[in-house]
Amino acid sequence: MIPNLQINPQRLWDSLMDTAKIGGTAKGGVSRLTLTDTDRQVRDWLKQECERLGCTVTVDEVGNMFAVRPGRRADLPPIAIGSHLDTQPTGGKFDGILGVLGGLEVLKTLQDSGYETNAPLMLVNWTNEEGSRFAPAMLGSGVYAGVFDRGYADSREDRQGVTFGEAIEAIGYRGAAKAGSVTFGAMFELHIEQGPILEQEEKVIGVVEGVQGMRWYEISVTGREAHTGSTPMPMRHDALVGAARLIDRVEGIALEHAPSAVGSVGLIEVQPNSRNVVPGHVFFTVDFRHPQDEVLDVMERKLLAAVDEMAGRGSLGVEAKKVWESPAVRFDSNCLASVRKSAQAAGYPARDMISGAGHDAAYIARVAPTAMIFVPCAGGLSHNEEESTSFEECAAGVQVLLGAVLDYDERGIERLS
Ligand SMILES: [Zn+2]
């Protein structure tokens, strides 16, 4: 049985609206780039709120913040609730923030009722999830999980040439703890969906089973520049026509693996890009995503076969290379069971789903049992000042988060005995 505790939706909403003023924009969004003074202000606020609840706050060497509320059993690893407080330059009030302030509301609810969990609870604010000021994204959780080392993080530069290392010192959030040394037994991340599915299906809760795998390729097609008026069609080596056929194939491959596959060409450069010259060179990117790595393997083989076939015809030079890949993530079945049970107990319509976007939880899943909870956002819109999740939807997500954590805590004891 999940203990019947109710979060305080108004207090949650007020915390969302109050902190949105830190870096608040005229259009109602939030501009709070990582490791800026506005980031410092919201971190200071969070630290104070956590300490007021009697939590101990630890900061690690890349600025990740960990606030611990003790449980009855100090020998159990903490159950973490984490997301991020940084935003895009024209970001919204909910992306990431709901996961952290939702966790804070969980701690406040437990404090109000005097409820003691078995395991300690830990609220986490991951540094630089957005990757907007310092690329790549999910840098703090990535260092924590051992995907990147601290030196790499410190060396990242923003557009003004300021490094991550300089910026973290400047706001006073270089903690003493080594990244990865503050451990926990599981993590739950509540986040807005950033897609349209929940809203379309009138579901309130997404039980996020994993994050889709991603692969990025770069393709160059080389032909021969020639006069458009005087070069007969059979004599052309038109790089753009070749690229267009491959781009059409990218869409075809994605459709062959519908509905879960997506394939996109978002960037293309044509040379010399002149209206009366047959294009001699084209560079474009391919982005493939699917929840299963095995399917991505098949999509990749099809893409490379299309490239080889075009190269084999001899009229154009074609080269393709994979420049990045991120394996598909499967979240932990025990954590997911707690989320499902909690959504059901609270009476919210829920569906299982896969995240289309990357999240801190994707890296954390490499080092600890992890799951995510999604709530809808209007029109699927995010990374936008108009990003919007309703009062009721925010409250529903946090209520399910609370229930999931308490259920996991209960079952943790059962697993031990
Ligand atoms: Zn986010």
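Read on for an overview of the structure. On a predicted model such as this, the values are computed, not experimentally measured, just so you know.

### Regarding the side chain of E385
Okay, so step 1: Topologically, E385 is positioned in the loop between β16 (370–375) and α12 (391–416).
Okay, so step 2: As a buried residue without a salt bridge, E385 has its nearest oppositely charged side chain in K27, at a separation of 4.3 Å.
Okay, so step 3: At 2.8 Å, the side chain of E385 and the side chain of T25 are in polar contact.

### Description of the environment of P70
Okay, so step 1: Note on placement: P70 falls in the loop between β2 (65–69) and β3 (79–83).
Okay, so step 2: Remark: the alpha-carbon pair of P70 and P120, spanning 50 residues in sequence, is separated by 4.4 Å.

### Quick notes on the coordination of the zinc ion
Okay, so step 1: Around the zinc ion, the protein contributes the donor atoms H84 (NE2), D95 (OD) and H191 (NE2), which lie 2.0 to 2.2 Å from the metal centre.
Okay, so step 2: Written as a sequence motif, the donor residues of the zinc ion are H-x10-D-x95-H. In this pair, D95 is assigned in the loop between β3 and α3 (97–113) and H191 in strand β5 (residues 186–192), connecting sequence segments 96 residues apart.
Okay, so step 3: By relative accessible area, which is 1% here, H191 ends up buried.

### Points about the pattern of salt bridges
Okay, so step 1: Tallied over the full model, the rule gives 30 salt bridges.
Okay, so step 2: One salt bridge connects R11 with D112, and the closest N-O pair in it is separated by 2.9 Å. Of this pair, R11 sits in helix α1 (residues 9–19) while D112 is found in helix α3, placing the two residues 101 residues apart along the sequence.
Okay, so step 3: Close ionic contact of D352 with R340 constitutes a salt bridge, the shortest N to O distance being 3.2 Å. You can see D352 sitting in strand β15 (residues 350–355) and its partner R340 sitting in helix α10 (residues 333–346), a full 12 residues away along the chain.
Okay, so step 4: The partly exposed category is assigned to R340, whose relative accessible area is 33%.

Cut-offs used in this document
- Residues numbered from 1 in each chain as written.
- Predicted model: local features only at pLDDT ≥ 70, side-chain atom pairs only at ≥ 80, totals over all residues.
- Heavy atoms only, no water.
- Helix = DSSP H or I, 4+ residues; strand = E, 2+ residues; numbered from the N terminus.
- Buried < 20%, exposed > 50% of the residue type's maximum accessible area, 1.4 Å probe, protein only.
- Lys, Arg positive; Asp, Glu negative; His and termini not counted.
- Salt bridge = Lys/Arg side-chain N within 4 Å of Asp/Glu carboxyl O.
- Polar contact = N/O pair within 3.5 Å; in protein donor to acceptor, adjacent residues only side chain to side chain.
- Donors = N, O, S within 2.8 Å, 3.2 Å for Na, K, Ca; no water.

On their own, these measurements won't tell you what the molecule is for.
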